[in-house]
Amino acid sequence: MLFRAFLFAPAFVMLSGSAWAGASPAPPACGPDALGTSRIMTIGNQGPSDLGLKTYHETLGLGDHEVVLTFDDGPSRRTTPAVLAALAAQCVRATFFLIGRNALAAPNLVKREVAAGHNVGSHSFSHPEITLRGLAEPAAEADIEKGFRAVNTAGFGIDDATPRVPFFRYPGFADTEALDAWLASRHVTVFGADLWASDWIKMTPEQELALMMDRLTKAGRGIILLHDIKPQTAAMLPAFLKRLKTDGFHIVHMVPGDGRTPVTEAPPNWHSETDTSIAALWPHLVRLGALSPMPR
């Protein structure tokens, strides 16, 4: 997710034949000093279809000290290889939400992500600066579908608009009711996040690590949003993964499959941060009615 202006326990699942064939049936074997991937969680095709407490009132049903790693906006030839190397060194799997045009520009990196057991979801084709909410619905659907096709082509060599990995994240988290319903009808799960590293803000890797660990320690669990196109994040990641191990956190890897996704409800007095952020980022578009708030 391009935040150039942004201000800010189910059992282990053995995948069945109906699950995504590109996912390995078990977490990779790892030495005792590595963080590793503790378990696999199936993201079901029967919903719910919107997850992540920064935007939605439900999130993944993670246990205490369980985290899911996600990366937006890639791939980037400059930084994504270092991110993949850091994950491989710790036997960790993650989900990459790819911008379609970036995937087509670096298909070898997308294939590397797939071969390493990571997921490659979609983050639209063009990541429009005014977000998909600022586009007419047909244009927004076309951009999303073009993104699905691009990720399929780059990662799996198939020219198809039905996503091989039915995971999607909105640019800027800026969804609409119509697009949410359209994606749900296609059995695509929309991911927000529970925690973000704020790596769209320039800071040192050390500062980013301290910020991320402070937020994670307070939250105790969650879907983490990072950006593999950010040099500071690529530099920070090895130390971050080691801190997760030292502090007793465990990696959960998501794979698509059948059934319902394990979820947990938002705490009392929850509110979405998305529309507040959008209003701060694009006030002129809000005034024009192009980015109307979503009812939550």
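Residues numbered from 1 in each chain as written. Predicted model: local features only at pLDDT ≥ 70, side-chain atom pairs only at ≥ 80, totals over all residues. Heavy atoms only, no water.

> Can you walk me through the pattern of salt bridges in this structure?
Where charged atoms from two side chains of opposite charge approach closely, those side chains can pair. Tallied over the full model, the rule gives 10 salt bridges. With a shortest N-O distance of 3.1 Å, D175 and R133 are connected by a salt bridge. Residue D175 is located in the loop between β7 (167–168) and α5 (177–185), and its partner R133 is located in the loop between β6 (119–122) and α4 (137–156); the two are separated by 42 residues in the primary sequence. Note on D175: relative accessible area 0%, which makes it buried. Its relative accessible area of 7% is what places R133 among the buried residues. (Salt bridge = Lys/Arg side-chain N within 4 Å of Asp/Glu carboxyl O. Helix = DSSP H or I, 4+ residues; strand = E, 2+ residues; numbered from the N terminus. Buried < 20%, exposed > 50% of the residue type's maximum accessible area, 1.4 Å probe, protein only.)

> Just checking my understanding: could you explain the side chain of H127 for this structure?
Looking at the secondary structure, you find H127 in the loop between β6 and α4. Only 3.4 Å separates the side chain of H127 from the side chain of H123, close enough to count as a polar contact. (Polar contact = N/O pair within 3.5 Å; in protein donor to acceptor, adjacent residues only side chain to side chain.)

> Hey, could you run me through unusual backbone geometry in this one?
Negative phi is the rule for most residues except glycine; trans is the rule for most peptide bonds. Residue G47 is joined to P48 through a cis peptide bond whose omega torsion reads -5 degrees. Topologically, P48 is positioned in the loop between β1 (39–44) and β2 (50–51). Geometrically, the link from G74 to P75 is a cis peptide bond, its omega value of 0 degrees lying close to zero. Residue position: P75 is located in the loop between β4 (66–72) and α1 (80–89). Positive phi is not limited to glycine here, since H187 has a value of about 60 degrees. For H187, a relative accessible area of 48% translates into the label partly exposed.

> Looking at this structure, how should I read the side chain of T261?
Among the structural elements, T261 can be located in the loop between β11 (250–257) and β12 (263–265). Judged by relative accessible area, T261 falls into the buried class, the value being 4%. Here G44 takes part through its backbone nitrogen, which lies 2.8 Å from a polar atom of the side chain of T261. In contact with T261, not counting residues within four places along its chain, are T42, I43, G44, G47, P48, L51 and L60. (Contact = heavy atoms within 4.5 Å.)

> Help me understand the environment of R78 in this model?
With respect to the helices and strands, the residue R78 is situated in the loop between β4 and α1. The exposed category is assigned to R78, whose relative accessible area is 65%. When sequence neighbours within four positions are dropped, the list of residues in contact with R78 reads I229 and P231.

> Just checking my understanding: could you explain the environment of A85 for this structure?
Within the element layout of this structure, A85 appears in helix α1. Spatially, the C-alpha atoms of A85 and A234 are 9.6 Å apart, while their sequence positions differ by 149 residues.

> For this particular structure, what's the right way to read the pairing of β4?
Strand residues, when the strand is regular, have side chains that alternate between the two faces of the sheet. Within β4, 7 of the 7 residues are buried, leaving the element largely enclosed by the surrounding structure. Burial along β4 is two-sided: E66, V68, T70 and D72 and V67, L69 and F71, pointing in opposite directions, are all buried. In this sheet, strand β10 (residues 222–227) lies alongside β4 in parallel orientation, the contact comprising 6 bridges. The residue bridging V67 from the neighbouring strand is G222, located in β10. The β-α-β motif built from β4, the intervening α1 and the parallel element strand β5 (residues 95–98) has right-handed crossover chirality. (Pairing = 2+ DSSP bridges. Right-handed = clockwise from strand over helix to strand, strands pointing away.)

> How should the packing of helix α3 (residues 107–115) against α4 be read in this particular structure?
Two quantities define a packed helix pair, namely the angle between the helix axes and the distance between the axes. At their nearest, the axes of α3 and α4 sit 7 Å apart, and the two run at 75 degrees to each other. With respect to α4, the element α3 is oriented roughly perpendicular. Each of P107, V110, K111 and V114 in α3 lies in contact with α4, whose residues at this interface are T153, A154, G155 and F156. The residue inventory of the contact of α3 with α4, partitioned by class, reads 5 nonpolar, 2 polar and 1 charged. (Axes fitted to C-alpha atoms, helices over the stretch in contact; angles between N-to-C directions. Parallel < 35°, antiparallel > 145°, perpendicular 65-115°, else oblique. Nonpolar A, V, L, I, M, F, W, Y, C, P; charged D, E, K, R; others polar.)

> Just checking my understanding: could you explain α1 for this structure?
The α-helix advances 3.6 residues per turn, and as a result positions three or four apart in sequence lie on the same side. Every buried residue belonging to α1 is among T80, V83, L84, A86 and L87, and all of these are buried. Along the axis of α1, the buried positions cluster into a sector of 160 degrees, meaning they face one direction only. Turned more than 90 degrees away from the buried face of α1 sit A88 and A89, all of them exposed. In the segment just after α1, C91 is the residue with positive phi, at about 55 degrees. (Arc of directions from axis to C-beta.)

> Looking at this structure, how should I read the nonpolar core?
Side chains of a nonpolar character, in soluble globular proteins, are inclined to be buried together. If you look at the biggest cluster of nonpolar residues, it comprises 50 residues, and the most contacted ones within it are L60, L69, F71, L87, I224, F240 and L244. Counting residues per element, this core draws most heavily on helix α7 (residues 231–246), at 6 residues. If near-sequence neighbours (up to four positions away) are discounted, F240 is found in contact with L69, L209, M212, M213, L216 and I224. (Core = buried A, V, L, I, M, F, W, Y, C linked by side-chain atoms within 4.5 Å.)

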